[in-house]
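# Secondary and tertiary structure notes
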Amino acid sequence: MKKEVVVIGLGYVGLPSVINHVKNAHKVIGFDIDKRKVDILNKGVSHLDTVSDETVQMLKEKGTLFTYDEQLIKEKDIYIIDVPTPIDKNKIPDLSYIKSAVDLIKNKVKRGSLIILESTTYPGTTEEYLVAEFSKLGYHIGIDLFIAYSPERIDPGNTQSQSVKIPRIVAGYTDKCLSQVKDFFGSHVSSVPNLKTAELAKIYENTFRLVNIALADELQKISDNLDIDVGEVLEAAATKPFGFMKFTPNLGIGGHCIPVDPYYLTWLMADRGVETPLIDIAGKINDSMLDYYLEKIKDLTTASKKDFTEMNIAVLGVTYKKNVADVRMSSVISLIKKLKEKNISIVAYDDVMHPYSTSINETVINLDQDYQQLMQYDLVIYAVDHDVYEEKKKLIMDKSRLFYDLTTV
Ligand SMILES: NC(=O)c1ccc[n+]([C@@H]2O[C@H](COP(=O)([O-])OP(=O)(O)OC[C@H]3O[C@@H](n4cnc5c(N)ncnc54)[C@H](O)[C@@H]3O)[C@@H](O)[C@H]2O)c1
């Protein structure tokens, strides 16, 4: 049945969510506090690399409203919360966006509304921040208001992962809440018995990735010490058709999921007096890789006539991941900062970074098509293997006086 849906937060998760619900013939309002994003969307332009301008125009043609006007989101059938859940500099979860989204809709929901939290967060959040708050207002959850949790699982940069095809985990505060959220999402849902299970499952998925990437990082160190090519070890191991999954070493995992979500769990467990040594050490290994690779880069340049600190260096690719335009928590940006602290001259290139991507202080430019300009550098650090660079990798290598590949494993 056609519903009136409000999506709160029009970022990497929220805007694709709007698209899915419009495609399912619902009437959708996209709400964001960031006026710049709303204005851009209303002009038919996408602020995300993962969504085309044509798609935004299609949404507009189908009557989708993008707004920052709180009055326009009153008394709708469904509210979906897609706001950020970052960590602070001490790796402490910041739930303020969820709190502000709940405050926003507190006096706007109607009897019978379904509220779905999709942001990644620690087990207990939906009950503490939604169920408790709305109960205080006099709602009987599961009777006159419905609350559910369904984590998003999109994989940015992975063209095969379209959120509609990935099974969704769904959980409700009561059976009625669950049946409502299941009905809304339709096929491809996997229901779990309670909210906390769904919340923990999502965090566990990303913690699983962190721990396994950290193991691959350690394999990098082991292989280097034994003078073995880590990429060849991984390829060999990956020929096993069962019981092995290939993860690759990394300068440091970027983005806003894997380097963030596990800390929701360690924070929660520390508060409850439970140790999480494996996750803790995986995080530390991940954090150590930048300095490790920096030493490797220095070693490579020892044969060169110039001192490392006097080198003129180009870095190719600054986003946090291949084919992704987003720079949030990119380790390449941290690498550039470290090099700059040593007064090393750096020029950063990225031909995928999106103009509306999170602003950064670094100047990032595009490469000339013939890659001629690379010849002026003492060293080219190939940091992100965007397809546009991979297609011309041989040319890039030929034009580089000294080439360091951070992406081959
Ligand atoms: N990006 C991903 O690949 C991905 C994948 C799975 C899960 N997640 C999770 O989804 C959630 C959202 O992530 P994202 O990447 O879309 O974040 P994002 O930063 O791209 O977008 C969040 C949007 O919410 C808006 N916002 C903040 N507070 C608001 C409020 N009170 N009212 C309305 N809008 C508000 C921001 O302006 C922003 O546009 C996070 O919990 C994240 O961990 C992200």
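As named in an unreviewed UniProt entry, the chain is Nucleotide sugar dehydrogenase, taken from Enterococcus ureasiticus. Listed under Sequence similarities (unreviewed entry) in UniProt, the entry text for the chain is "Belongs to the UDP-glucose/GDP-mannose dehydrogenase family."

### Re the overall build of the chain
Along the chain, the regular secondary structure elements total 13 helices and 13 strands. For 409 residues, the compact-globule estimate of 2.2 N^0.38 gives 22 Å, and the C-alpha radius of gyration of the chain, at 23 Å, lies within 12% of that figure. Referenced to the eigenvectors of the C-alpha coordinate spread, the extents of the chain come out at roughly 75 × 50 × 40 Å. Counting all 409 residues of the chain, 49% fall into the buried class. Sequence-distant contacts in the chain: of pairs separated by 6 or more residues, those separated by 24 or more amount to 69%. For the chain, the accessible surface area stands at approximately 19700 Å², while carbon and sulfur atoms represent 51% of it. Of the side-chain charges in the chain, 49 are positive and 58 negative, and the distance between the mean point of each set is 4 Å.

### Regarding the sheet that holds strand E10 (residues 345-349)
Working definition: the strands of a sheet are paired by backbone hydrogen bonds and lie parallel or antiparallel to each other. What the 5 strands build is an open sheet, ordered E11-E10-E9-E12-E13; its pairing is parallel. Whereas interior strands pair on both sides, the edge strands pair on one side only; in this sheet they are strand E11 (364-365) and strand E13 (403-405). Sheet analysis places strand E9 (residues 312-316) next to strand E12 (residues 379-382), joined by 4 bridges and oriented parallel. Looking at the pairing, Val-315 lines up with Ile-381 of E12.

### Some details on the domain arrangement of the chain
Its domain assignment divides the chain into domain 1 (4-193) and domain 2 (304-405). Of the residues lining the interface, 11 residues belong to domain 1; the matching set on domain 2 comes to 10 residues. Taking both sides of the interface into account, the surface hidden between domain 1 and domain 2 amounts to around 840 Å²; carbon and sulfur atoms contribute 53%. Across the contact surface, domain 1 and domain 2 share 0 salt bridges. Connecting domain 1 to domain 2 are 1 residue pair in polar contact (both at pLDDT 80 or more). Looking at the side of domain 1 that touches domain 2, its residues break down into 5 nonpolar, 3 polar and 3 charged.

### As for the environment of Arg-328
In this structure, Arg-328 sits in the loop between E9 and helix H11 (331-341). Sequence separation of Arg-328 and Glu-275 is 53 residues, and the distance between their C-alpha atoms is 29 Å. Only 3.0 Å separates the side chain of Arg-328 from the side chain of Asp-326, close enough to count as a polar contact.

### Side note on the site of the ligand
Near the ligand there are 27 residues, and of these Val-13, Asp-32, Lys-37, Thr-85 and His-256 occur at the shortest range. At 2.6 Å, a side-chain N or O of Asp-32 approaches an oxygen atom of the ligand. In the environment of the ligand, a nitrogen atom lies 3.2 Å from a nitrogen or oxygen atom belonging to the side chain of His-256. When the ligand is considered free in solution it has 840 Å² of accessible area, and contact with the protein chains removes 94% of it. It is helix H4 (residues 96-106) that contributes the most residues to the shell around the ligand, 3 residues altogether.

### Concerning the sheet that holds strand E5 (residues 114-117)
The 8 strands are arranged E3-E2-E1-E4-E5-E6-E7-E8 in an open sheet whose pairing can be described as mixed. Whereas interior strands pair on both sides, the edge strands pair on one side only; in this sheet they are strand E3 (65-67) and strand E8 (189-191). Averaged over all neighbouring strand pairs, the angle between strand axes comes to 25°, with direction disregarded. One ladder, built from 3 bridges, connects strand E2 (residues 27-31) with E3; its direction is parallel. Bridge pairing links Gly-30 to Phe-66 in E3. Lying on the sheet, helix H6 (residues 175-185) is in contact with strand E1 (4-8), strand E4 (78-81), E5, strand E6 (146-149), strand E7 (168-172) and E8; it crosses E7 at an angle near 150°.

### As for the pattern of salt bridges
Where charged atoms of side chains with opposite charge meet at close range, the side chains can pair. Within the structure shown, the criterion is met by 25 salt bridges. The partner of Asp-144 in a salt bridge is Arg-111, with the nearest N and O atoms 3.4 Å apart. Taken as a pair, Asp-144 in the loop between helix H5 (125-136) and E6 and Arg-111 in the loop between H4 and E5 lie far apart in primary sequence, 33 residues in all. A relative accessible area of 65% places Arg-111 in the exposed class. A salt bridge links Arg-328 to Asp-326; the shortest N-O distance between them is 3.0 Å. Here Arg-328 falls in the partly exposed class, since its relative accessible area comes to 29%. Using a relative accessible area of 0% as the deciding quantity, one classes Asp-326 as buried. Connected through salt bridges with shared partners, the residues Lys-99, Asp-103, Lys-106, Glu-133 and Lys-136 form a single ionic network.

### Thoughts on the pairing of E4
Across the two faces of E4 the burial is the same, with Ile-78 and Ile-80 and Tyr-79 and Ile-81 all buried. Direction of pairing for E1 relative to E4: parallel, over a ladder of 4 bridges. Looking at E4, one finds that Val-7 is bridged to Ile-80. Both E4 and E5 contribute to a ladder of 4 bridges, which runs parallel. Across the sheet, residue Ile-78 finds its bridge partner in E5, namely Leu-114. With H4 bridging E4 and its parallel neighbour E5, the resulting β-α-β unit is right-handed.

Reading guide: rules and limits
Residues numbered from 1 in each chain as written. Predicted model: local features only at pLDDT ≥ 70, side-chain atom pairs only at ≥ 80, totals over all residues. Heavy atoms only, no water. UniProt positions renumbered as here; feature names shortened; annotations may be inferred. Helix = DSSP H or I, 4+ residues; strand = E, 2+ residues; numbered from the N terminus. Rg over C-alpha atoms; globule rule 2.2 N^0.38 Å. Buried < 20%, exposed > 50% of the residue type's maximum accessible area, 1.4 Å probe, protein only. Contact = heavy atoms within 4.5 Å. Areas by Shrake-Rupley, 256 points an atom, 1.4 Å probe, with all protein chains shown as cover. Lys, Arg positive; Asp, Glu negative; His and termini not counted. Charge placed at Lys NZ, Arg CZ, Asp CG, Glu CD. Pairing = 2+ DSSP bridges. Domains from an automatic or database assignment. Buried area = accessible area lost by both parts, 1.4 Å probe. Salt bridge = Lys/Arg side-chain N within 4 Å of Asp/Glu carboxyl O. Polar contact = N/O pair within 3.5 Å; in protein donor to acceptor, adjacent residues only side chain to side chain. Nonpolar A, V, L, I, M, F, W, Y, C, P; charged D, E, K, R; others polar. Near = heavy atom within 4 Å. Axes fitted to C-alpha atoms, helices over the stretch in contact; angles between N-to-C directions. Right-handed = clockwise from strand over helix to strand, strands pointing away.

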